[in-house]
Amino acid sequence: MKQNKQALYFNMILGTIGTILIALSAMRYLVKENDNIGNAFILFGFILMNGYINYLEKRAGISKKLTWISFIVFLILFISFSYFLYF
C-alpha cells in the first residue's frame, strides 16, 4: 500500500511539473504574440485541463490538503519562473 501511495505522489509531482511547463510555454506565447483568440484558447484550455486534473486527483483519493499544497506550490513556481523568464 505504501508503494502505491509513493507512486501516486510521484506521478502527482510529475503532473505538477508538466503543468508548470505548459503554463510557462503558454506565457511565452502570450508575450511573443498578440493573438486575442489564441490567448482565449490557451486560457480556456488551461482552466479545463486543471479542472480535469483536480477531478482525477479526487478519484485517486488524494486529500484536499495535499491538493491545495500542490496548487500553492504551482502558483509560487509559475509566478516566480514567469517573472524571471519573461519580464
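The structure we're discussing is the one just above.
Everything quoted here is computed from the prediction, not taken from an experiment. (Residues numbered from 1 in each chain as written. Predicted model: local features only at pLDDT ≥ 70, side-chain atom pairs only at ≥ 80, totals over all residues. Heavy atoms only, no water.)

Caption draft 1: View of the side chain of Thr19. The residue Thr19 is located in helix α1 (residues 2-32) in this model. Residue Thr19 is classed as buried on the basis of its relative accessible area, which comes to 7%. Apart from residues no more than four positions distant in its own chain, Thr19 is found in contact with Phe46, Met49, Asn50, Ile53 and Phe74. (Helix = DSSP H or I, 4+ residues; strand = E, 2+ residues; numbered from the N terminus. Buried < 20%, exposed > 50% of the residue type's maximum accessible area, 1.4 Å probe, protein only. Contact = heavy atoms within 4.5 Å.)

Caption draft 2: Looking closely at the layout of surface pockets. Of the volumes computed, that of the largest pocket is approximately 540 Å³. At the level of elements, α1, α2 (36-60) and α3 (64-86) are the ones that each hand at least two residues to the lining of the largest pocket. Of the residues forming the lining of the largest pocket, the biggest block, seven residues, is contributed by α2. When grouped by side-chain class, the residues that make up the lining of the largest pocket number nine nonpolar, eight polar and three charged. Size it by volume and the second largest pocket reaches roughly 200 Å³. For the second largest pocket, the full set of lining residues is Ala23, Ala26, Met27, Leu30, Asn39, Ile42, Leu43, Phe46, Ile47, Asn50 and Phe78. Sorting the residues of the lining of the second largest pocket by element identifies α1 and α2 as the ones contributing at least two each. Split by residue class, the lining of the second largest pocket holds nine nonpolar, two polar and no charged. (1 Å grid on protein atoms, 1.4 Å probe; cavity = no way out; pocket = protein on both sides within 12 Å on 5 of 7 lines; lining within 4 Å. Points joined across faces, edges and corners; volume = space filled by probe spheres on them. Nonpolar A, V, L, I, M, F, W, Y, C, P; charged D, E, K, R; others polar.)

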